[in-house]
Amino acid sequence: MVLAYPFLALLHSIYSLVIFSISFCRHITRPTPSALNATRGRLPKHLSIIFVSDADFDERTNEYCIMKSIFRAISWCQQLGIPQLSVYDVEGIILNNVETIREGVVPESPFKDSEFDRRHIHYPPTPPSSDYSESRPLSPQEDVSGGHIPFLTLCVPPLQSASRASKNPQSLTLNVLSREASKPAIASVARAIARTQRRNSKFNAKDRGFKLSVNNLESYLEGKNGLAPPDFMIIHPVHPSKYHRSPIGLHGYPPWQIRLTEIYCNRFRKQYEARLMWFLPSHVSSTLLSSSFTEWEFREALDQFASAEFRLGK
Amino acid sequence: MAKPFTLVFLLYILYPFQWILTKLRITRLAQRSLLHILAAGPIPGHVGFVMDGNRRYARGKGKLVQEGHGDGYLALRRVLEICLRLNIRCVSVYAFAIDNFKRPQEEVTALMQLAESKLMELCSHGDLLQEYGVKLNVIGRRSLFPESVQTAVRKAEELTEGNNRSILNVCMPYSSRDEMTTAVEDCIREVLAPANDFMSNDPIEEISEDTIDSHLMSVKRGSPPLDILVRTSGVKRLSDFMLWQCCENTQLHFSNTYWPDFGLFDFVPIILEWQRSVWFHRQNVWLRGSDSRNR
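Rules used in this analysis
- Residues numbered from 1 in each chain as written.
- Chains lettered and ligands numbered in written order.
- Predicted model: local features only at pLDDT ≥ 70, side-chain atom pairs only at ≥ 80, totals over all residues.
- Heavy atoms only, no water.
- Helix = DSSP H or I, 4+ residues; strand = E, 2+ residues; numbered from the N terminus.
- Buried < 20%, exposed > 50% of the residue type's maximum accessible area, 1.4 Å probe, protein only.
- Contact = heavy atoms within 4.5 Å.
- Areas by Shrake-Rupley, 256 points an atom, 1.4 Å probe, with all protein chains shown as cover.
- Salt bridge = Lys/Arg side-chain N within 4 Å of Asp/Glu carboxyl O.
- Buried area = accessible area lost by both parts, 1.4 Å probe.
- Expected span 1.5 Å × (residues − 1).
- pLDDT = per-residue confidence, 0-100.
- Pairing = 2+ DSSP bridges.
- Axes fitted to C-alpha atoms, helices over the stretch in contact; angles between N-to-C directions.
- Polar contact = N/O pair within 3.5 Å; in protein donor to acceptor, adjacent residues only side chain to side chain.
- Phe/Tyr/Trp six-rings, centres within 6.5 Å; stacked < 30°, edge-to-face > 60°.
- Lys NZ or Arg CZ within 6 Å of the ring centre and 35° of its normal.

## Looking at the overall build of chain A
- The helix and strand inventory of chain A stands at ten helices and seven strands.
- Residues counted as buried form 50% of the 314 residues belonging to chain A.
- Across chain A, every contact between residues at least 6 apart in sequence was considered, and the portion connecting residues at least 24 apart equals 81%.
- Roughly 15,300 Å² of accessible area belongs to chain A as shown, and the carbon and sulfur atoms make up 54% of that amount.

## Some details on the overall build of chain B
- Secondary structure summary: chain B contains twelve helices and six strands in total.
- Across the 295 residues that make up chain B, the buried fraction comes to 54%.
- At a minimum sequence separation of 6, the contacts of chain B that also span at least 24 residues come to 78%.
- About 13,900 Å² of surface is accessible on chain B, with carbon and sulfur atoms providing 55% of the total.

## Quick notes on the pattern of salt bridges
- Taken as a whole and judged by the stated rule, the model has 29 salt bridges over all chains.
- A salt bridge links E300(A) to R30(A); its shortest N-O distance comes to 2.8 Å. Linking E300(A) in helix α10 (residues 295-307) with R30(A) in the loop between α1 (4-29) and β1 (46-52), this pair joins segments that are 270 residues apart in sequence.
- A salt bridge links D71(B) to K63(B); the nearest nitrogen and oxygen atoms lie 2.7 Å apart.
- The class of D71(B) is buried, set by a relative accessible area of 16%.

## Observations regarding the interface of chain B and chain A
- Counting residues at the interface gives 62 residues for chain B and 64 residues for chain A.
- Buried surface at the junction of chain B and chain A, both sides included, amounts to about 5,900 Å², of which 62% is carbon and sulfur.
- Taken as a group, R177(B), R237(B) and R276(B) account for 14% of the area that chain B buries against chain A, more than any other trio of residues on that side.
- Between chain B and chain A we count nine salt bridges in total.
- Linking E222(A) and R177(B) is a salt bridge whose minimum nitrogen-to-oxygen distance equals 2.4 Å.

## As for α1(A)
- For α1(A), which comprises 26 residues, the first-to-last C-alpha distance of 37 Å matches the rise-based estimate of 38 Å (1.5 Å per residue) to within 8%.
- Among the residues of α1(A), those classed as buried are A4(A), L8(A), L11(A), H12(A), Y15(A), I19(A), S23(A), C25(A) and T29(A).

## Observations regarding the confidence of the model for chain A
- Model confidence for chain A is summarised by a mean pLDDT of 78, while 71% of its residues fall at 70 or above.
- In the model, residues 109-149 of chain A has pLDDT below 50 throughout and makes 72 contacts with residues more than four positions away in sequence or in other chains.

## Some remarks on the sheet that holds strand β6 (residues 251-254) of chain B
Residue and element names in this part refer to chain B.
- Ordered by their spatial adjacency, six strands build an open sheet running β3-β4-β2-β1-β5-β6, and the pairing between neighbours is parallel. A single partner strand is all that each edge strand has here, and the edge strands are β3 (134-139) and β6. With direction set aside, neighbouring strand axes in the sheet form an average angle of 15°.
- Sheet topology note: the strand β1 (residues 46-50)/strand β2 (residues 90-94) ladder contains five bridges and is parallel. The residue bridging V50 from the neighbouring strand is Y94, located in β2.
- Along the sheet, helix α4 (residues 65-85) makes contact with β1, β2, β3 and β4 (166-171), crossing β2 at roughly 160°.

## Comments concerning α10(A)
- In this model α10(A) runs 18 Å from its N-terminal to its C-terminal C-alpha over 13 residues, within 8% of the 18 Å that 1.5 Å per residue would give.
- The secondary structure elements touched by the buried residues of α10(A) are β1, α2 (59-80), β6 (232-237) and β7 (262-265) of chain A.

## Side note on the side chain of R40(A)
Residue and element names in this part refer to chain A.
- Positionally, R40 belongs in the loop between α1 and β1.
- Within the structure, the side chain of R40 is placed 3.1 Å from the backbone oxygen of S34, a separation counted as a polar contact.
- A polar contact is formed between the side chain of R40 and the backbone oxygen of L36, at a distance of 3.0 Å.
- When sequence neighbours within four positions are dropped, the list of residues in contact with R40 reads S34, A35, R299, L302, D303 and A306.

## Some thoughts on the packing of aromatic side chains
- Under the definition given, this model contains 16 aromatic pairs over all chains.
- Members of the aromatic cluster, joined through ring pairs, are F49(B), W259(B), F262(B) and F267(B).
- For the cation-ring pair, R42(A) lies above F305(A), with the distance from its terminal atom to the ring centre recorded as 4.3 Å.

## Here's the deal with the pairing of strand β5 (residues 172-177) of chain A
Residues and elements named next belong to chain A.
- Of all six residues in β5, five are buried, a share of seventy percent or more.
- Across five bridges, strand β2 (residues 84-88) lies against β5 in parallel orientation. By the bridge assignment for β5, V87 is matched with V176.
- Relative to β5, strand β4 (residues 151-156) is paired through six bridges, and the arrangement is antiparallel.

## Observations concerning unusual backbone geometry
- Along the chain, M172(B) connects to P173(B) via a cis peptide bond; the corresponding omega equals -20°.
- Relative to the helices and strands, P173(B) is located in the loop between β4 and α8 (176-192).
- Even without a glycine there, the phi angle at H251(A) is positive, about 50°.
- Relative to the assigned elements, H251(A) resides in the loop between β6 and β7.
- Phi at N87(B) takes a positive value of approximately 65°, unusual for a residue other than glycine.
- With respect to the helices and strands, N87(B) occurs in the loop between α4 and β2.

Printed below as a string of structure tokens:
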């Protein structure tokens, strides 16, 4: 086994050369994506963006890049008429800065109508109330353990230019997610269902055992008080990978909702500049190499979504 | 536009190299040496494959869809042997989705027959699973299968029950949402069992994400956390495969190759990238540890 190490190092060196050649060729021949407002066969109705920050780098830089990316994404979604946008990061950076987002997307005038400036706080979805009169429906506070809020929803008013041009300007629903909306939310729903079942079984001696269907659980997690599944997901690493291409990972995004979600990740972001990471101090490379989500990447992502084929098992 | 350059690389470098090796009859030796070298570095504990592209592969070659699935089975054997030689302890494959019952009846029948015959072949004495000490788990809602397939599944699992070196999860007919729902259902049934009516901590409050994780079909049967998920045929979706397991700490790899064509040269880059991520993460962890000690 010890003799294999030098050969393994050689193999990695050859792989590096091969990847460098292929990515260089790809870089110089990469097609320019269609314009933002170009007609595409399909646009997502619900777009989700996962922001991946690197804990080794400056927190302020991470925050700045993520916030800038979110404001850009909101603007592009509004231009294209994408009705719903979810943003997620595993560290909760976005959730900590949600006031900044709210102040940035709510204009000063003339939309002071509360219909356009609403902030919804969504608690974990509760099961429907029991049919038995002796039981009482669960209230949201009973299901929130430790005061966790699974996700926030903001209603972003339409752009002023769009509202003048269109008879029915659409507002954008912005969901701000953290890891609490992921597996912990499913566990929370499980606890709530168990409580209801325990209450019901005390009044129904003939209860033959508990059964839970996929549709039932889906109604809790994706229904009226749940999180809708995104059609399309963009994974945006704030910093490029230190070893060639950024790995694709979901970083704890809610698993139930991503069954049929198309995934895009620009794995070649700043891959050549990433070499500088090894030589520069981290605070310098953090500033130099971090970047927000660009329009070019957004257009390329939309092109990928438009060309994807869905067979749904058939 | 990058495709011509990749094609040039393949035509003038890789394929001639492969042709030379074949002519010298040392392909098998070279492949085994390559795997031995790779196995010297970090190796993932659990790799999942979404075996997609059999039908498009068949259409592209002018074959019947059933032949495409047959070639897909050969690819499964090939990739499984590669994984076992690399000492990957657990391999999961998405063989048949619950949604796949919507396909034309002729295709579904052919797939059932393929499953019935090939399961027994894999588990028979001297074949792949016995040679490498692999335990077969068929994960999914098998009650949806015809009785003959259910019998074949039972027999195949019994044949490999005593094996303990590796695990092969054949997910059929499978849906991750079905797996998660069953796990939640089992958790709830467990906490509501009469034996749990005691005065100390309410067992319902003990239901956590770890509890649900431990009740997943694949985890209950010994699967470690999923490290790598590979989807072939260029599709960039998960399509209801191991959503709970791969939403965290799993590298996703989307390969443009159709599953029947998937082989060593498609899998080696995935392992090399995994090794780099492990080395880099370990270096990062070591540096963070040394910083904290120096404070």
